[in-house]
Amino acid sequence: MSDCIFCKIAAGDIPSATIYEDDEFRVILDLGPATKGHALILPKQHYKDITELPEDLAGKAMILAKKIVTCMMEAIPCDGYNIVQNNGEPAGQTVFHFHMHLIPRYVGDHAGVTWKPGTLSEEVKKEILEKAACLK
Ligand code: AMP
Ligand code: ZN
């Protein structure tokens, strides 16, 4: 994807604050961090979102997230971590190259990775449980 900024960053064509790199991923510091240490896992190949990401890379991305969170929690002590992954504009995706946000949390940081809880109605529960048959 010649016009994708994360392709260029992942390939090293645009400089970035890289904290980890291997053949398949680059992990960079977010330029607009929610908190100190906010990092992004980028696959080097272009996939627009999780629906396009091959299963083996999805698995590797989560294993890498675990490695980085575990290491960085020691290196830059924090009080928790959010792993956030946005798909589609309504979900907050602004760069359409799959990425995972690793966001350190600090007591009182007001980073706001949250939502207002609704209620699960019987009708909606029934509908979703029926439609989730596609998972079987
Ligand atoms: P999302 O909204 O989930 O698509 O996340 C995109 C993230 O990429 C945002 O947190 C941005 O701050 C971050 N971002 C955009 N451009 C760059 C860049 N050139 N280097 C590092 N982070 C970036
Ligand atoms: Zn890309």
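Keep in mind it's a predicted model, so treat the numbers as computed, not measured.

Colleague: Hey, could you run me through the overall build of the protein chain in this one?
Modeller: Looking only at helices and strands, the protein chain has three helices and five strands in total. Ordered by position from N to C terminus, the α and β elements of the protein chain give α-β-β-β-α-β-β-α. Projected onto the principal axes, the alpha-carbon positions of the protein chain cover approximately 50 × 40 × 25 Å. Looking at the protein chain residue by residue over its 136 residues, the buried ones come to 32%. Once local pairs closer than 6 in sequence are excluded, the contacts in the protein chain between residues at least 24 apart make up 51%. Taken as a whole, the protein chain presents about 9100 Å² of accessible surface, with 59% of it coming from carbon and sulfur. When the 14 basic and 19 acidic side-chain charges of the protein chain are each reduced to a single mean position, those positions are 4 Å apart.

Colleague: What exactly am I supposed to notice about the pattern of salt bridges here?
Modeller: According to the stated counting rule, one finds eight salt bridges in the structure shown. One salt bridge connects Lys-44 with Glu-21, and the closest N-O pair in it is separated by 2.7 Å. With a gap of 23 residues between them, Lys-44 in the loop between strand S3 (39–43) and helix H2 (55–75) and Glu-21 in strand S1 (residues 18–21) connect regions that are remote in the sequence. Of the residues examined, Lys-44 reaches a relative accessible area of 25% and is grouped as partly exposed. Here Glu-21 falls in the partly exposed class, since its relative accessible area comes to 44%. The closest approach of N and O atoms between Lys-48 and Asp-49, which form a salt bridge, is 3.2 Å. What makes Lys-48 partly exposed here is its relative accessible area of 37%. Through salt bridges with shared partners, a single ionic network connects Glu-21, Arg-26 and Lys-44.

Colleague: Would you mind showing me how to read the side chain of His-38 here?
Modeller: Considering the arrangement of structural elements, one finds His-38 in the loop between strand S2 (25–29) and S3. According to the relative accessible area criterion, His-38 is buried, its value standing at 6%. Engagement of the side chain of His-38 in a polar contact is seen with the backbone nitrogen of Ala-34, the distance being 2.9 Å. Ignoring any residue separated from it by four or fewer positions in sequence, one finds His-38 in contact with Ile-28, Leu-29, Asp-30, Gly-32, Pro-33, His-101, Leu-102, Ile-103 and Pro-104.

Colleague: Help me understand the coordination of the zinc ion (ligand 2) in this model?
Modeller: Octahedral metal centres with six donors ideally show angles of 90 or 180 degrees, and tetrahedral centres with four donors ideally show 109.5 degrees. The coordination sphere of the zinc ion (ligand 2) contains the protein donors Cys-4 (SG), Cys-7 (SG), His-46 (ND1) and His-97 (ND1), at a distance range of 2.0 to 2.3 Å. Its four donor atoms give the zinc ion (ligand 2) angles of 105 to 117° at the centre, a pattern that matches the tetrahedral case. Mapping the donors of the zinc ion (ligand 2) onto the primary sequence gives the spacing C-x2-C-x38-H-x50-H. Here the residue Cys-4 occupies a position in the segment before helix H1 (5–11), and His-97 occupies one in the loop between strand S4 (80–84) and strand S5 (100–105), the gap between them amounting to 93 residues. Given the relative accessible area of 7%, Cys-4 is considered buried.

Calculation rules
- Residues numbered from 1 in each chain as written.
- Chains lettered and ligands numbered in written order.
- Predicted model: local features only at pLDDT ≥ 70, side-chain atom pairs only at ≥ 80, totals over all residues.
- Heavy atoms only, no water.
- Helix = DSSP H or I, 4+ residues; strand = E, 2+ residues; numbered from the N terminus.
- Buried < 20%, exposed > 50% of the residue type's maximum accessible area, 1.4 Å probe, protein only.
- Contact = heavy atoms within 4.5 Å.
- Areas by Shrake-Rupley, 256 points an atom, 1.4 Å probe, with all protein chains shown as cover.
- Lys, Arg positive; Asp, Glu negative; His and termini not counted.
- Charge placed at Lys NZ, Arg CZ, Asp CG, Glu CD.
- Salt bridge = Lys/Arg side-chain N within 4 Å of Asp/Glu carboxyl O.
- Polar contact = N/O pair within 3.5 Å; in protein donor to acceptor, adjacent residues only side chain to side chain.
- Donors = N, O, S within 2.8 Å, 3.2 Å for Na, K, Ca; no water.
- Tetrahedral: all angles 85-135°; square planar, octahedral: opposite > 155°, others 65-115°.

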